[in-house]
Amino acid sequence: MNSLVMKTNEFLFNKRVVGIRIPYTIAYLFGKILDLISKATDKKLPISSIRVKKFCSETSFVSEEAVAINFNRPFCLDEGIRRTLEYEFLSDNSGNKTFYAE
């Protein structure tokens, strides 16, 4: 996770730092408190316990189908992060469709 945060900070802010790190239990508890506030005010907040859990979870996997067809990724992780950050935060995509996962 530290490498992802460092790469993001490097691309967006030109700084190779991780920044402040909060223990998982405190972050998750904070997310739960914000869940309660969100429910009480009937407003969606940018931080929730689910998002904390997703952000801190291990997301690497191997697909049997990808192995079977000898899949080669079209670009490296750094390029994927760069493209995602550029599209999501630096480019004007107001005319494009938005898909929500939650």
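Residues numbered from 1 in each chain as written. Predicted model: local features only at pLDDT ≥ 70, side-chain atom pairs only at ≥ 80, totals over all residues. Heavy atoms only, no water.

### Concerning the pattern of salt bridges
Phase 1 of the analysis: All told, the structure shown has five salt bridges when counted by the stated rule.
Phase 2 of the analysis: Between Asp78 and Lys7 there is a salt bridge; the shortest N-O distance is 2.9 Å. Residue Asp78 is found in helix α5 (residues 77-90), and its partner Lys7 is found in helix α1 (residues 2-13); the two are separated by 71 residues along the sequence.
Phase 3 of the analysis: Judged by its relative accessible area of 42%, Asp78 is partly exposed.
Phase 4 of the analysis: Since its relative accessible area comes to 29%, Lys7 is described here as partly exposed.
Phase 5 of the analysis: Of the charged contacts, one joins Glu79 and Arg83 as a salt bridge, the two residues approaching to 3.1 Å between their closest N and O atoms. Of this pair, Glu79 and Arg83 both sit in helix α5, four residues apart, roughly one helical turn.
Phase 6 of the analysis: You can call Glu79 partly exposed: its relative accessible area is 23%.
Phase 7 of the analysis: Among the charged side chains, a salt-bridge network with shared partners connects Glu79, Arg82, Arg83 and Glu86. (Salt bridge = Lys/Arg side-chain N within 4 Å of Asp/Glu carboxyl O. Helix = DSSP H or I, 4+ residues; strand = E, 2+ residues; numbered from the N terminus. Buried < 20%, exposed > 50% of the residue type's maximum accessible area, 1.4 Å probe, protein only.)

### Comments concerning the packing of helix α2 (residues 24-41) against helix α3 (residues 49-56)
Phase 1 of the analysis: Contact pair α2 / α3: the axes reach a minimum separation of 7 Å and the direction vectors enclose 150 degrees. As far as their axial angle goes, α3 and α2 are roughly antiparallel. Contacts from Tyr24, Ala27, Tyr28, Gly31, Lys32 and Asp35 of α2 reach α3 at Ser49, Val52, Lys53 and Cys56. (Axes fitted to C-alpha atoms, helices over the stretch in contact; angles between N-to-C directions. Parallel < 35°, antiparallel > 145°, perpendicular 65-115°, else oblique. Contact = heavy atoms within 4.5 Å.)

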